[in-house]
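Here are the chains, one letter per residue:
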Amino acid sequence: MLASISDFVGRVQPGSWPDWLAAIGTTLAFGVAAVAYSRDVRTRRWAQARLVHIEVTSSNTTFLGRDAPVYGDPNAATVGDVVWIGKRSVGRLMARLPIAPAAVVVAKIYNGSDELLGLTLVRAYGRNGPGDPWDFEVKGGPVGPRSEVVIDLLCSLTLSNPKPDVELEVTFRDSAGRWWRRRGVEPVRRAKDKEREIRRAGRAITRQRLRARWGSAFPASVRKAGLHLRARWDAGANSG
């Protein structure tokens with residue numbers, strides 16, 4: 001048997017230099033193609049994100065008893081941190097009736113790309129000065145390719161800043177499921193904190209489903225199985 005193995009090894013030839021060079025060239029070609037494809041995908045994702053921005057089209061102050069015209073979704077339940085008591089028709093528009101002074105902001109989310117945007121979230125800044133956020137976030141909904149969505153915001157006023165210079169920030173999900181963020185005219189950037197938040201929420205939902213299926217004993221059974229495996233591992237290590 002040893003003789004047959006040695007004969008087989010003796011018949012194996014390393015190949016000629018042209019064969020080696022051809023194999024190396026093919027491997028390098030596959031590697032270069034993979035790197036180029038990865039860079040192209042990243043470039044296209046950034047290209048889509050750079051074509052998305054939000055713009056304030058109007059910002060006015062309204063006081064108690066004055067109408068706040070609705071230019072966006074009239075059925076939106078949350079449009080800011082000011083409570084409003086109802087809606088009524090004002091000409092061709094609907095109007096909300098806020099119960100406190102507010103900055104009535106109308107904005108547009110522009111999607112200049114050829115891809116659909118998923119969920120969009122809008123946050124306002126400038127409550128007590130530049131960079132100071134209002135404590136709310138408004139859902140803008142999806143935005144189709146090469147289209148725009150109008151949203152309304154009712155931002156509470158403070159005595160120190162009764163006429164705020166409102167700046168908006170949009171956080172959005174692209175067609176590949178990645179999250180991005182852009183404030184005003186600043187460059188777009190990845191919203192990795194939002195992606196982590198989505199992953200944590202997904203894990204929490206998974207845990208809830210496992211508990212619903214296996215009952216409250218599921219975590220205890222997992223811990224018991226882990227301790228049993230650890231004990232067996234320690235016993236094997238000590239015996240060796």
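Residues numbered from 1 in each chain as written. Predicted model: local features only at pLDDT ≥ 70, side-chain atom pairs only at ≥ 80, totals over all residues. Heavy atoms only, no water.

Caption draft 1: Region of interest: the packing of aromatic side chains. This model, assessed by the stated rule, comprises one aromatic pair. Between Trp46 and Trp180, the ring centres sit 4.6 Å apart and the planes meet at 75°, which makes this aromatic pair edge-to-face. Of this pair, Trp46 sits in helix 2 (residues 17-50) while Trp180 sits in strand 10 (residues 179-183), placing them 134 residues apart in sequence. With relative accessibility at 33%, the residue Trp46 sits in the partly exposed group. Sitting over the face of the ring of Trp180, Arg190 holds its NZ or CZ atom 5.6 Å from the ring centroid. The ring of Trp179 has Lys194 lying over it, and the distance from NZ or CZ to the ring centre is 5.7 Å. (Phe/Tyr/Trp six-rings, centres within 6.5 Å; stacked < 30°, edge-to-face > 60°. Helix = DSSP H or I, 4+ residues; strand = E, 2+ residues; numbered from the N terminus. Buried < 20%, exposed > 50% of the residue type's maximum accessible area, 1.4 Å probe, protein only. Lys NZ or Arg CZ within 6 Å of the ring centre and 35° of its normal.)

Caption draft 2: Focus on the pairing of strand 10. Buried residues dominate strand 10, accounting for five of its five residues. Burial along strand 10 is two-sided: the face carrying Trp179, Arg181 and Arg183 and the face carrying Trp180 and Arg182 are both buried. In this structure, strand 9 (residues 167-173) lies alongside strand 10, joined through five bridges in antiparallel fashion. Opposite Thr171, over in strand 10, you have Arg181 as the bridge partner. Between strand 9 and strand 10, which pair antiparallel and follow one another directly, the connecting turn spans five residues, one of which, Gly177, has a positive phi of 90°. (Pairing = 2+ DSSP bridges.)

Caption draft 3: Molecular detail of the pairing of strand 8 (residues 147-156). In terms of burial, strand 8 is a largely internal element, seven of the ten residues being buried. Pairing of strand 5 (residues 102-111) with strand 8, which is carried by ten bridges, proceeds in the antiparallel orientation. Pairing of Ala107 across the sheet is with Ile151, part of strand 8.

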